[in-house]
Amino acid sequence: QVQLVESGGGLVRAGGSLRVSCAASGFAFSRYAMGWFRQAPGKDREFVAAISWGAAITLYGDSVKGRFTISRDNAKNTVYLRMDSLKPEDTAVYYCAKARTTAPTGDERRYDYWGQGTQVTVSS
């Protein structure tokens, strides 16, 4: 049974940093790309970042480029999202997702399992 469990969300002031984690189980983690998406109230889900199976390739959404960093530890079956220079508009529920293949993508249709999400709130 595939499980993705996010943690590390919380309240942070604008300009601050936060790291969220996603612990995966129930599948061969090191064989799949992983991604992070977010959804703010009243808005569509938005691609944030993705990483290839071996971490050689990373992709970022335009709104987070240069501020967020995705990484993974295949020995721990965990993917991370480090968020720096946070802005109030980064406030959202952040979801991790398992891709169907080894290649990272921003297309949410190419992801087959999703976590429950963790809330990130950035105050101004």
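In this text, all values refer to a predicted model and were calculated from it rather than measured experimentally.

So, on to the state of the cysteines. Note on terminology: a disulfide is the covalent bond linking the sulfur atoms of two cysteines. Across all of its chains, the model carries one disulfide by this definition. One disulfide bridge connects C22 with C96, the sulfur atoms lying 1.9 Å from each other. Here C96 lies in strand 9 (residues 92-99) and C22 lies in strand 3 (residues 18-25), a separation of 74 residues in the sequence. The exposure classification of C22 matches that of C96, with both residues buried.

This next bit is on the side chain of T118. Checked against the element boundaries, T118 lands in strand 11 (residues 118-123). We classify T118 as buried; its relative accessible area is 10%. Among the polar contacts made by the side chain of T118, one reaches the main-chain amide nitrogen of G9 at a distance of 3.2 Å.

Here four strands make up an open sheet; going across it, the order is 1-3-8-7 and the pairing antiparallel. At either margin of the open sheet sits one strand with a lone partner, and together these are strand 1 (3-7) and strand 7 (68-73). Shown here is a sheet whose adjacent strand axes are inclined to one another by a mean of 15°, direction ignored. Judged from the five bridges that link them, strand 1 and strand 3 form a sheet pairing that is antiparallel. When the sheet's bridge partners are listed, E6 is paired in strand 3 with C22.

With that settled, consider unusual backbone geometry. Of note in the backbone geometry, A55 takes a positive phi value of approximately 75° without being a glycine. Residue placement: A55 occurs in the loop between strand 5 (46-51) and strand 6 (58-60). Taking the relative accessible area as the measure of exposure, A55 reaches 35% and is therefore partly exposed. One non-glycine residue, N77, lies in positive phi territory at about 50°.

Note on soluble globular proteins: their nonpolar side chains tend to be buried together. Membership of the largest hydrophobic core comes to 27 residues, with the highest contact counts inside it found for W36, V48, F68, V79, L81, M83 and Y94. Elements with a contribution of two residues or more to this core: strand 3, strand 4 (34-39), strand 5, strand 7, strand 8 (78-83), strand 9 and strand 11. Among the elements that make up this core, the one with the highest residue count is strand 3 (four residues). Other than its neighbours up to four places away in sequence, Y94 contacts E6, W36, F37, R38, V48, F68, L81, M83, G117, T118 and V120. Among the nonpolar cores identified, the runner-up in size contains seven residues, and F47, A50, A97 and Y111 belong to it.

Turning next to the pattern of salt bridges. By the definition in use, this model includes nine salt bridges. Across the pair R45 and E108 runs a salt bridge, and its minimum N-O distance is 3.0 Å. One end of the pair, R45, is in the loop between strand 4 and strand 5; the other, E108, is in the loop between strand 9 and strand 10 (111-114), and 63 residues separate them in sequence. Judged by its relative accessible area of 30%, R45 is partly exposed. For E108, a relative accessible area of 31% corresponds to the partly exposed category. A network of salt bridges, in which partner residues are shared, links R38, E46, R67 and D90.

About the cut-offs
- Residues numbered from 1 in each chain as written.
- Predicted model: local features only at pLDDT ≥ 70, side-chain atom pairs only at ≥ 80, totals over all residues.
- Heavy atoms only, no water.
- Disulfide = S-S within 2.5 Å.
- Helix = DSSP H or I, 4+ residues; strand = E, 2+ residues; numbered from the N terminus.
- Buried < 20%, exposed > 50% of the residue type's maximum accessible area, 1.4 Å probe, protein only.
- Polar contact = N/O pair within 3.5 Å; in protein donor to acceptor, adjacent residues only side chain to side chain.
- Pairing = 2+ DSSP bridges.
- Axes fitted to C-alpha atoms, helices over the stretch in contact; angles between N-to-C directions.
- Core = buried A, V, L, I, M, F, W, Y, C linked by side-chain atoms within 4.5 Å.
- Contact = heavy atoms within 4.5 Å.
- Salt bridge = Lys/Arg side-chain N within 4 Å of Asp/Glu carboxyl O.

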